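# Geometric and topological summary
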There are 2 protein chains.
Amino acid sequence: MDLSARIDAAIHAAIRQGQAAPSPGKLASALHYSVTPGGARIRPTLLLSVAKACGDENPALADAAACALELIHCASLVHDDLPCFDDADLRRGKPSVHRAFGEPLAILAGDSLIVMAFEVLARAAPHDPLRAAGLIGLLAGRTGMPNGICAGQGWESEAVVDLSAYHRAKTAALFIAATQMGALAAGQDAEPWEELGARIGEAFQVADDLRDALLDEETLGKPVGQDDLHGRPNAVSEFGIDGAIARMRDILAGAISSIPRCPGEARLAKLVTAQAEALTPLKWRADQARVPGE
Amino acid sequence: MDLSARIDAAIHAAIRQGQAAPSPGKLASALHYSVTPGGARIRPTLLLSVAKACGDENPALADAAACALELIHCASLVHDDLPCFDDADLRRGKPSVHRAFGEPLAILAGDSLIVMAFEVLARAAPHDPLRAAGLIGLLAGRTGMPNGICAGQGWESEAVVDLSAYHRAKTAALFIAATQMGALAAGQDAEPWEELGARIGEAFQVADDLRDALLDEETLGKPVGQDDLHGRPNAVSEFGIDGAIARMRDILAGAISSIPRCPGEARLAKLVTAQAEALTPLKWRADQARVPGE
């Protein structure tokens, strides 16, 4: 099975277990709606790619980790779209969950997906309980307070923002979870994999800022200009478009050189580059082609 | 240390770890606000009581389990109070979290407390990883979909409600988690402890219905008449006050006779009765005193 088939199989199995009868039908539907269509599944793909680069000696645990990570990501999208945060009507080209199901079910769907993420890992524990507990700890650490995406969102309520902590928690956290959980699922020490995740997260943030500045709502499948609207820091407003592109290239080079020694090191470097290219909007590619000397 | 000191120590240690710098200050404060003052801490007290009745051979794990359970309960209160659910201005005699901190921070505080619950258990895993993973699975199962408190709240969005599934998920779920996690933390099989939790949950629901019908807002520390307001099923409207009291007595007798054989069986039975009495509002006690022949 290729990576995206492994991820989808794990996610659909988890959602089906969450929908077992008797259960409230609308919330059950909202769970399925929240995780489909899948988008690029960038974080779980990165997780499984790292696991493969490290030998993937426990694929069941790696699949559970990838699934759990994506469930947390989907939960964060559902809650971030709520009226009191981004008030987004669209997500992945369809109505956001609270637009389709109402606010109560959107809050509950997010809560249920968070819980489901940890349940999936607990269910995989008999494969290797200590490693599963480690994965739960890593995921929780990059989801909650003080270092996770909840903290990242929490910074947006502060008058004075620690920008480095904000970015690390808001966007990098789940990429750090991806690289560290991938390594741990395959039996490797998680710590040396933190830098790769942090740098990919940083690159992703810059790419997102570029997309937000350059693309229209229809292409993006979600509202544009959200950062300007909410006064959030943004690489494009800070460095300009060319500056942001140059910055992204630097970050990616650093990411690739930070990959720890492992059997699949070269292949993983290629994959990180390919993922970065896939994130590149067309206009940005055209701009890039015009950079002198390239 | 007595049980309530063990619970408070574990909860405050968890909250402090969630507030470690750098972290967004308002969300950090909202976390502390959400878990204090502690209320009766009924669920974690039940959990530790069951663990003690079973020998309490791994108190660190039992403390983590009790703390995690209470964090989930506090998270559910924060989210249930939100404007799109109960729209409650008061909780435990002070402004609800969204009234004190705003809706975004209330949603994030609830999310962070859910995550923290699983993190606390993951952190206790080195004591016994397989048992910790089991505790995480039990807690997740009684929190999310289809059998947890999220499902219970989800039933309130349905036109046709499975009443038995609704009550089991809405109120009994965290009591079942309490008895099963208490047993498992002490190394016992969790399954035989489900019935005790379910019955205590049922009794608690009836007591809550009685309090909701009989007490005023000031005494209760939260808005009264919420069930009538939201058209939710209620033992008092179904059986009348005397009928509900009789029903509660039946349920408690069943609860006590369901306690599995264990070293602390007699003591646990006493504690369950005492807890039930503590839940009894004064007017109900007076009514009870007037029942002929008692």
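Every chain is numbered independently, its residues counted from 1 as its sequence is written. For this description, chains carry letters from A and ligands carry numbers from 1, given in the order in which they are written. A pLDDT threshold of at least 70 governs which residues receive local features in this predicted model, and a stricter bar of 80 or more applies before side-chain atom pairs are shown or counted, although totals over entire chains, interfaces and linings include all residues. Only heavy atoms go into the side-chain values, all of them from the structure, while hydrogens and water stay out.

As annotated in an unreviewed UniProt entry, chain A carries the name Geranylgeranyl diphosphate synthase and is attributed to Jannaschia pohangensis. UniProt positions are given in the numbering used here, feature names are shortened, and annotations may be inferred rather than shown by experiment. Per UniProt, chain A has the following entry under Pathway (unreviewed entry): "Isoprenoid biosynthesis; geranylgeranyl diphosphate biosynthesis; geranylgeranyl diphosphate from farnesyl diphosphate and isopentenyl diphosphate: step 1/1." What UniProt records for chain A under Function (unreviewed entry) is the sentence "Catalyzes the condensation of farnesyl diphosphate (FPP) and isopentenyl diphosphate (IPP) to yield geranylgeranyl diphosphate (GGPP) needed for biosynthesis of carotenoids and diterpenes."

## Regarding the relation of the copies chain A and chain B
For the match of chain A to chain B, the screw axis carries a shift of 0.0 Å, the RMSD comes to 0.0 Å, and the turn is 180°. The relationship between the two copies is best expressed as a two-fold rotation axis. Considering only C-alpha atoms, the part of chain A nearest the rotation axis is Pro129(A), at 2.6 Å. The least-squares superposition of copies is restricted to C-alpha atoms, and to residues with a pLDDT of at least 70 in both copies.

## Brief notes about the pattern of salt bridges
A pair can form between side chains of opposite charge whenever their charged atoms are brought close. Residue and element names in this part refer to chain A. The working definition used for a salt bridge is a side-chain nitrogen of Lys or Arg within 4 Å of a carboxyl oxygen of Asp or Glu. Scanning the entire structure with this criterion turns up 34 salt bridges over all chains. The closest approach of N and O atoms between Glu70 and Arg41, which form a salt bridge, is 3.0 Å. One end of the pair, Glu70, is in helix H4 (residues 59–80); the other, Arg41, is in the loop between helix H2 (25–35) and helix H3 (42–53), and 29 residues separate them in sequence. Residue classification places Arg41 among the buried residues on the basis of a relative accessible area of 7%. In DSSP terms, a helix is any run of H or I states spanning at least four residues, a strand is any run of E spanning at least two, and both are numbered starting from the N terminus. Exposure classes here rest on a 1.4 Å probe applied to the protein chains alone. A residue is buried below 20% of its type maximum, exposed above 50%, and partly exposed in between.

## Overview of the packing of aromatic side chains
In this description, a pair of aromatic rings is defined by centroid distance and the angle of the planes. Here the aromatic set is Phe, Tyr and Trp, taking the six-membered ring for Trp, and pairing holds for ring centres within 6.5 Å; pairs whose planes are under 30 degrees apart are stacked, those over 60 apart are edge-to-face, and all others are tilted. Applying the stated rule across the entire model yields 5 aromatic pairs over all chains. Centroid distance Tyr33(A) to Phe101(A): 5.2 Å. Interplanar angle 75°. Geometry classified as edge-to-face. Of this pair, Tyr33(A) sits in helix H2 while Phe101(A) sits in helix H5 (residues 97–101), and the two are 68 residues apart along the sequence. Here Phe101(A) falls in the partly exposed class, since its relative accessible area comes to 23%. Between Phe175(B) and Phe204(B) the ring centres are 5.0 Å apart and the planes differ by 45°, which places this aromatic pair in the tilted class. On the criterion of sequence distance, the pair formed by Phe175(B) in helix H9 (residues 163–185) and Phe204(B) in helix H10 (residues 194–214) is long-range, its members being 29 residues apart.

## A short note on the environment of Leu135(B)
All names here are of chain B. Locating Leu135 in the fold gives a position in helix H7 (residues 129–141). By relative accessible area, which is 0% here, Leu135 ends up buried. As for Leu135 and Phe118, which are separated by 17 residues in sequence, their C-alpha atoms are 9.3 Å apart. In this description, contact between two residues means that some pair of their heavy atoms is separated by no more than 4.5 Å. In contact with Leu135, not counting residues within four places along its chain, are Leu61, Ala65, Leu121, Met181, Leu184 and Ala185.

## As for the interface of chain A and chain B
Tallying the contact residues gives 48 residues for chain A and 48 residues for chain B. Accessible area that two parts lose when put together, with a 1.4 Å probe and added across both, is what the buried area reports. Both sides of the chain A and chain B interface together cover about 4,100 Å² of buried area, and 75% of this is carbon and sulfur. Counting the contacts that link chain A with chain B gives 0 salt bridges. Residues adjacent in sequence count toward polar contacts only when both atoms are side-chain atoms; beyond that, a polar contact is any pair of N or O atoms within 3.5 Å, and within protein one must be able to donate a hydrogen and the other to accept it. Where chain A touches chain B, the interface holds 8 residue pairs in polar contact (both at pLDDT 80 or more). The set of elements that each furnish at least two residues to the side of chain A that touches chain B consists of helix H1 (3–18), H2, helix H6 (103–123), helix H7 (129–141) and helix H8 (149–155) of chain A. The leading source of residues in the side of chain A that touches chain B is H6(A), at 12 residues. In the scheme used here, Gly and all other residues not listed as nonpolar or charged are polar, with Ala, Val, Leu, Ile, Met, Phe, Trp, Tyr, Cys and Pro taken as nonpolar and Asp, Glu, Lys and Arg as charged. Tallied by class, the residues present in the side of chain A that touches chain B amount to 29 nonpolar, 13 polar and 6 charged.

## Regarding the nonpolar core
Of all hydrophobic cores here, the largest spans 196 residues; its most connected members are Leu71(A), Phe118(A), Leu71(B) and Phe118(B). Excluding its chain neighbours within four sequence positions, the residues that come into contact with Phe118(B) are Val115(A), Phe118(A), Ile136(A), Ile72(B), Ile136(B), Leu139(B) and Ala140(B). Residue types Ala, Val, Leu, Ile, Met, Phe, Trp, Tyr and Cys, when buried and joined through side-chain atoms within 4.5 Å, form a set referred to as a nonpolar core.

## Here we look at H2(A)
For H2(A), every residue scored as buried is listed here: Leu27(A), Ala28(A), Ala30(A), Leu31(A), Tyr33(A), Ser34(A) and Val35(A). Considering only its buried residues, H2(A) is in contact with H1, H4, strand E2 (94–95), H5 and H6 of chain A together with helix H8 (149–155) of chain B.

## Remarks on the packing of helix H1 (residues 3–18) of chain B against helix H3 (residues 42–53) of chain B
Residue and element names in this part refer to chain B. Axes, fitted as lines to C-alpha atoms, cover a helix only where it is in contact. Angles between the N-to-C directions of the axes lie from 0 to 180 degrees. One way to put it is that H1 packs onto H3 with a least axis distance of 10 Å and a crossing angle of 120°. The orientation of H1 with respect to H3, classified from their angle, is oblique. In this structure, the crossing between H1 and H3 has a hand that is right-handed. Residue-level inspection shows Leu3, Arg6 and Ile7 of H1 in contact with H3, the latter providing Pro44, Thr45, Leu48, Ser49 and Lys52. In the contact of H1 with H3, the residues fall into 4 nonpolar, 2 polar and 2 charged. Comment on the angle field: the value is read as roughly parallel under 35 degrees, roughly antiparallel over 145, roughly perpendicular from 65 to 115, and oblique elsewhere. The hand of a helix crossing depends on one turn: near helix anticlockwise from the far one by less than a right angle means left-handed, and clockwise means right-handed.

## Looking at helix H13 (residues 235–257) of chain B
Along an α-helix, residues three or four apart share an orientation, since each turn contains 3.6 residues. All names here are of chain B. Its 23 residues give H13 an end-to-end C-alpha distance of only 23 Å, which falls more than 12% under 33 Å, the value for a rise of 1.5 Å per residue. Here the bend at a residue is taken as the angle between two axes, fitted respectively to the seven residues that end there and the seven that start there. Roughly 95° is the biggest bend found in H13, and it falls at Ile241. What H13 keeps buried is the set Ala235, Val236, Ala244, Ile245, Met248, Ile251, Leu252, Gly254 and Ala255. Helix span, as expected, comes to 1.5 Å for every residue beyond the first.

## A word on unusual backbone geometry
Each neighbour pair has its own omega, and for Ala21(A) with Pro22(A) the value is -10°, a cis peptide bond. Its location among the elements puts Pro22(A) in the loop between H1 and H2. That bond from Thr36(A) to Pro37(A) is cis: its omega, -10°, falls within 30 degrees of zero. Along the polypeptide, Pro37(A) turns up in the loop between H2 and H3. Residue Asp56(B) is not a glycine yet carries a positive backbone phi of 45°. Examined against the element boundaries, Asp56(B) turns out to sit in the loop between H3 and helix H4 (59–80).

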